[in-house]
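Fold and contact review
In case you want the letters, here they are:
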Amino acid sequence: MKWPLRVLVESGKDIPSWRAIQTKDFEDDRPTSLIVIRLGDRTEKSGNVRGKNPSYNLTAIFEQVEDNEKEILIDVIDYGSTGVKNTLGTISISIDKVIGGSSIDGWMQVSSTDKKRGQVKIKVFLMDEKWERENPEEAKKWKLQREDKEAEEWLGGNNRKYKTDSIPKARDGPIDTTDMSTEEIESETDRLKYEAMASTERAKNKLEDATAIGADSSAKLEKQGEQLKEANKQLDVMDAHLDNSKRKIRGIKSLGGAIKNKFSKNKGKEKLKGLGADIPPEEKKIKETKVKEEEIVAVENRNRLAVWKGESDALK
């Protein structure tokens, strides 16, 4: 199989203890359970989790699936107070079904014959190109983990692709090749080359991450700076409106205040003009009304003038 197979057991629902099943007393039941994921001779086991609705969060990733491995088995096991383990049920999932494109995501019965043994929430899917497109960050993280694992296996002499049995341990400083065979020298050269390439790739990925974080931080700081500028402007506008309101109150309260307003500058208006802020709505309405009144008076004056000229011409 080309793509790794991922199995995730998230949680359980209404999981009973083995004692409760035997006694049929589910009222005061306090179970402790665990999960075992099996594929061939490979297994992944969760810790012991208490409660009827446990959170297992157990993940197993199988990079290689052999042709004779046809199903994934998930055991739900009760861990008794005396340390005795009893299997509550085993869930079987067909690998062919998953490979065919039918990913598993949902609740499954622990036992097909006894619904009182609860349910388990399971996800099974291929980590293929579609998954990589939908989960780019997780795919990148998984790729780095796999590269690190391959490097560790290679350096530990477990990668059969290279003749690593004769590779000497890593040395500090210059390597003395006097007593080394040609094969040992070639192996040591390959090891150093692979180690350098892996280190460079990790450094490159970290640099890309740092660059992306830096760009994101810069954009956020710029946005925050603009927000602060806008906030400062709004504070200045509020301050200008406050000065304007104080001036009006002063003019209303006393004759002296009105006279002072008449012969002093309106600092509030000047501030608003400097900030490019709009005239307060109430002032804008008064100003528009005043302009309209002036226009009406002008029209009336023009009409009177026309009438007067007409009467003068008639008398002549």
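Please read all numbers here as calculations on a predicted model, not as lab measurements. (Residues numbered from 1 in each chain as written. Predicted model: local features only at pLDDT ≥ 70, side-chain atom pairs only at ≥ 80, totals over all residues. Heavy atoms only, no water.)

Let us now look at the overall build of the protein. When you go through the protein residue by residue, the secondary structure sums to 8 helices and 9 strands. In the protein, which comprises 316 residues, the proportion classed as buried is 26%. Residue pairs in contact within the protein that sit at least 24 positions apart in sequence constitute 56% of those at least 6 positions apart. Split by element, the accessible area of the protein, about 22700 Å² in all, is 51% carbon and sulfur. (Helix = DSSP H or I, 4+ residues; strand = E, 2+ residues; numbered from the N terminus. Buried < 20%, exposed > 50% of the residue type's maximum accessible area, 1.4 Å probe, protein only. Contact = heavy atoms within 4.5 Å. Areas by Shrake-Rupley, 256 points an atom, 1.4 Å probe, with all protein chains shown as cover.)

Next up on the list: the pattern of salt bridges. Two side chains bearing opposite charge may form a pair once their charged atoms approach each other closely. Tallying each qualifying case throughout the model produces 9 salt bridges. Linking E10 and K123 is a salt bridge whose minimum nitrogen-to-oxygen distance equals 3.5 Å. Here the residue E10 occupies a position in strand β1 (residues 5–13), and K123 occupies one in strand β9 (residues 119–126), the gap between them amounting to 113 residues. One salt bridge connects K220 with D216, and the closest N-O pair in it is separated by 3.3 Å. Taken together, the positions of K220 and D216, both in helix α5 (residues 182–253) and 4 residues apart, correspond to about one turn of that helix. A cluster of three or more residues bridged by salt bridges with shared partners is formed by E10, K121 and K123. (Salt bridge = Lys/Arg side-chain N within 4 Å of Asp/Glu carboxyl O.)

With that out of the way, let us pick up the pairing of strand β2 (residues 32–39). Burial within β2 is extensive, with 7 of its 8 residues counted as buried. Where β2 lies against strand β6 (residues 71–79), 6 bridges are found, and the strand directions are antiparallel. If you follow S33 over to β6, its bridge partner there is D78. When β2 meets strand β3 (residues 42–45), the two strands line up antiparallel, connected through 4 bridges. Note that in β3 the partner of I37 across the bridge is E44. (Pairing = 2+ DSSP bridges.)

How two helices sit against one another is set out by the angle between their axes and by the gap between those axes. Contact pair α5 / helix α7 (residues 267–275): the axes reach a minimum separation of 7 Å and the direction vectors enclose 155 degrees. In terms of their interaxial angle, α5 and α7 are classed as roughly antiparallel. Here the hand of the crossing between α5 and α7 comes out left-handed. For the pair α5 and α7, the contacting residues are K233, D236, V237, D239, A240, H241, D243 and N244 in the first and G268, K269, K271, L272 and L275 in the second. When grouped by side-chain class, the residues that make up the contact of α5 with α7 number 4 nonpolar, 3 polar and 6 charged. (Axes fitted to C-alpha atoms, helices over the stretch in contact; angles between N-to-C directions. Parallel < 35°, antiparallel > 145°, perpendicular 65-115°, else oblique. Left-handed = near helix turned anticlockwise from the far one by under 90°. Nonpolar A, V, L, I, M, F, W, Y, C, P; charged D, E, K, R; others polar.)

To describe a pair of aromatic rings, you give the distance between the ring centres and the angle between the ring planes. Summed over all chains, the structure comprises 0 aromatic pairs. Sitting over the ring of W107, K13 keeps its end group 4.3 Å from the ring centre. (Phe/Tyr/Trp six-rings, centres within 6.5 Å; stacked < 30°, edge-to-face > 60°. Lys NZ or Arg CZ within 6 Å of the ring centre and 35° of its normal.)

Residues other than glycine seldom take positive phi values, yet D14 does so here, at roughly 55 degrees. Tracing the sequence through the fold places D14 in the loop between β1 and α1 (18–23). Residues other than glycine seldom take positive phi values, yet K24 does so here, at roughly 60 degrees. Positionally, K24 belongs in the loop between α1 and β2. The exposure class assigned to K24 is exposed, which follows from its relative accessible area of 67%.

On average, residues of the protein score 79 in pLDDT, and 83% of them are at 70 or above. This model gives residues 158–172 a pLDDT under 50, and the stretch forms 24 contacts once residues within four places in sequence are excluded. (pLDDT = per-residue confidence, 0-100.)

Okay, a nonpolar patch on the surface next. A contiguous nonpolar patch, built from L255, I259 and F263 and spanning about 390 Å² of accessible area, is present on the exposed surface. In this fold, I259 is placed in helix α6 (residues 255–262). According to the relative accessible area criterion, I259 is partly exposed, its value standing at 44%. (Patch = residues over 30% accessible without salt bridge, like charges linked within 9 Å, V, L, I, M, F, W, Y side chains within 5 Å.)

This part takes up the sheet that holds strand β5 (residues 55–62). The strand order β5-β1-β9-β8 describes an open sheet built from 4 strands, whose pairing is antiparallel. The sheet is open, and its two borders are formed by β5 and β8 (104–109), each paired with just one other strand. For this sheet, the mean inter-axis angle between neighbouring strands, taken without regard to orientation, is 20 degrees. Across 8 bridges, the pairing between β1 and β9 is antiparallel. Bridging from a neighbouring strand, V7 pairs with V124 of β9.

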